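Given next are the chains, with one letter for each unit.
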Amino acid sequence: MEPILVTGAAGGSQGGTGRTVAETLLRAGLPVRAFVRSDDARTAELEDLGAEVVRGDLREITSVRPAVRGVRRAYFTYPVSAGMLDATAVFAAAAREADLHRVVAVSQLGSAPDAGTPHMRRHWVAEQVLDRAEIGAVHLRAAVFFENLRVAIGDSDVLALPLGSPDTVLPLIAADDVAGVGAGVLRADGPVDSVLWLAGEILTVGEAAEHFGVRYVPVDAEDWAETAITRYRDPVAVEHLTHLWTMFAAIGSGHELFRVTESIEQFTGRPPITLRDHLSRA
Ligand SMILES: NC(=O)c1ccc[n+]([C@@H]2O[C@H](COP(=O)([O-])OP(=O)(O)OC[C@H]3O[C@@H](n4cnc5c(N)ncnc54)[C@H](OP(=O)(O)O)[C@@H]3O)[C@@H](O)[C@H]2O)c1
């Protein structure tokens, strides 16, 4: 059987979805080719689990072309960081050449050409590029990861965000549910919709803070952007999030996309992980 290529397989700080997909597939006895950026302890762990590890830069065709050789299915993820469109174009070209027939790609809930953040608009462009490559792209349009709020809190005792009222509504999801759907779609035999919206729980920011056992404190967007770099450590992530929080504050009490989606249960076989479940597992 051909290996399934999993990018982001080492698992980074934003959600580690690639790592969870790789582990889920390996535990199910499926062959995994794990694409990592560099050698470290995470690489050795993947090898111990039975993965074939390949190393490279997703923005570089000389890395990706050999990685897709002999592969039919792949999981594509790239963090909210510079270079996402470069990596997507490279992946689309390589996957087209190698005749892949299913590529599960992580996107964002509000991906659209007129979306409220520059990175969401880039995700929409990325979706178009993957679709045009005709490689069976399935876009996982995910809500805000619970992990994102954890980074925002850091080691403080407040959730300080530019979200205005504590009643501002957030569509949320556990990164493990994104990975669970990704692994499920990669294992599915039949046709799958090309866009899957993924939200596991809808909470107000006040409720979310309460689950974390901290106080929600509304802050000014410009002030937040100035300090967020020390927590998120990436200017593209901070730019995206500053726009995202401002957008949610403007939407306020809800939007038609803010609903728990069936696709999580459909592809994982269990109900979505709630924030309470997520925190009790941590
Ligand atoms: N965070 C949220 O709230 C949220 C919400 C909705 C959707 N999303 C989407 O979720 C996706 C990110 O989630 P994730 O769990 O995959 O993030 P992650 O945990 O940060 O993992 C990213 C992985 O990509 C690897 N990587 C980064 N740059 C690379 C490069 N140039 N070449 C090869 N590998 C590279 C990283 O390796 P190293 O660790 O070695 O650097 C890491 O293993 C994005 O598409 C984002 O838009 C996120």
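Let me sum up the structure you'll find in this document. Since the model is a prediction, treat every value here as computed from it, not as a measurement. All residue numbers here refer to positions counted from 1 along the written sequence of the relevant chain. The model is predicted, so local features are restricted to residues of pLDDT at least 70 and side-chain atom pairs to those at 80 or more, both for listing and for counting; the totals for chains, interfaces and linings are taken over all residues. Water and hydrogen atoms were dropped before computing side-chain values, which therefore reflect all heavy atoms in the structure.

**A few points about the environment of Arg65**
Examined against the element boundaries, Arg65 turns out to sit in helix α3 (residues 61-68). Type-normalised accessible area, obtained with a 1.4 Å probe on protein chains alone, sets the label of each residue: buried when under 20%, exposed when over 50%, and partly exposed for intermediate values. Since its relative accessible area comes to 40%, Arg65 is described here as partly exposed. As a C-alpha pair, Arg65 and Leu49 span 16 residues in sequence and 24 Å in three-dimensional space. Contacts between residues were defined by any pair of non-hydrogen atoms, one from each residue, lying within 4.5 Å. Apart from residues no more than four positions distant in its own chain, Arg65 is found in contact with Ala94 and Glu97. Under the DSSP-based scheme used, a helix requires at least four consecutive residues in state H or I and a strand at least two consecutive residues in state E, with every element numbered from the N terminus.

**Here we look at the pattern of salt bridges**
Any carboxyl oxygen of Asp or Glu that lies within 4 Å of a side-chain nitrogen of Lys or Arg is treated as forming a salt bridge with it. Counted under the stated rule, the structure contains 14 salt bridges. Close ionic contact of Glu52 with Arg33 constitutes a salt bridge, the shortest N to O distance being 3.1 Å. A residue pair is termed long-range when its members are at least 10 positions apart, and Glu52 in strand β3 (residues 52-55) and Arg33 in strand β2 (residues 32-36) qualify at 19 residues. On the accessibility criterion, Arg33 (11% relative accessible area) is buried. A cluster of three or more residues bridged by salt bridges with shared partners is formed by Arg19, Glu23, Arg27 and Glu45.

**Quick notes on the packing of aromatic side chains**
The pairing test for Phe, Tyr and Trp rings, Trp by its six-membered ring, is centres within 6.5 Å, and the orientation test on the planes gives stacked under 30 degrees, edge-to-face over 60, and tilted for anything in between. Within the structure shown, the criterion is met by five aromatic pairs. Ring geometry for Phe76 against Phe91: centres 4.8 Å apart, planes inclined by 35°, an arrangement best described as tilted. In this pair, Phe76 is assigned in strand β4 (residues 73-76) and Phe91 in helix α4 (residues 84-97), connecting sequence segments 15 residues apart. Each of the two residues, Phe76 as well as Phe91, counts as buried. With a centroid separation of 6.5 Å and 40° between ring planes, the pair formed by Trp245 and Phe248 is classed as tilted. Pair noted here: Trp245 and Phe248 are both in helix α10 (residues 235-251), with a separation of three residues, about one helical turn. Taking relative accessible area as the criterion, Trp245 reaches 0% and is therefore assigned buried.

**So, the nonpolar core**
As used here, the term nonpolar core means buried Ala, Val, Leu, Ile, Met, Phe, Trp, Tyr and Cys residues forming a set that is joined through side-chain atoms within 4.5 Å. Counting residues in hydrophobic clusters, the biggest one holds 72 residues, and the most contacted among them are Leu25, Tyr75, Leu140, Leu161, Val178, Leu196 and Trp245. Element by element, the count of residues in this core is highest for helix α7 (residues 175-187), at seven residues. Apart from residues no more than four positions distant in its own chain, Tyr75 is found in contact with Leu5, Val6, Thr7, Thr17, Gly18, Val21, Val104, Val106, Leu140, Val178, Gly182 and Leu186. In terms of nonpolar packing, the next biggest core, distinct from the first, is built from 27 residues, Leu58, Phe76, Ala87 and Ile135 among them.

**Points about the pairing of β3**
Pairing between strands is defined by DSSP: at least two bridges between them are needed. Here β2 pairs with β3 via four bridges, running parallel. Note that in β3 the partner of Ala34 across the bridge is Val53.

**Here we look at the site of the ligand**
Neighbouring residues of the ligand: 28 residues in total, closest Gly16, Arg37, Thr77, Gln108 and His123. Here a polar contact is taken to be a pair of N or O atoms separated by no more than 3.5 Å, where protein atoms must pair a possible hydrogen donor with a possible acceptor and residues adjacent in sequence count only if both atoms sit in side chains. The contact in question runs from a nitrogen atom of the ligand to an N or O atom on the backbone of Leu58, over 2.9 Å. The separation between an oxygen atom of the ligand and a polar main-chain atom of Phe145 is 2.9 Å. Note on areas: Shrake-Rupley with a 1.4 Å probe; residue coverage comes only from the protein chains shown. Coverage of the ligand by the protein amounts to 92% of the 950 Å² it exposes when considered alone. Of all elements in the fold, only β5 (102-108) and β7 (144-145) reach the threshold of two or more residues within the shell around the ligand. When we say a residue is near a molecule or strand, we mean one of its heavy atoms is within 4 Å of it.

**Some details on unusual backbone geometry**
Phi is positive for Glu134, which is not a glycine, with a value near 55°. On the secondary structure map, Glu134 appears in the loop between α5 (118-132) and β6 (137-142). Judged by relative accessible area, Glu134 falls into the exposed class, the value being 60%. Not every positive phi belongs to a glycine, and Arg233 is a case in point at roughly 55°. In this structure, Arg233 sits in the loop between α9 (221-232) and α10. You can call Arg233 exposed: its relative accessible area is 65%.

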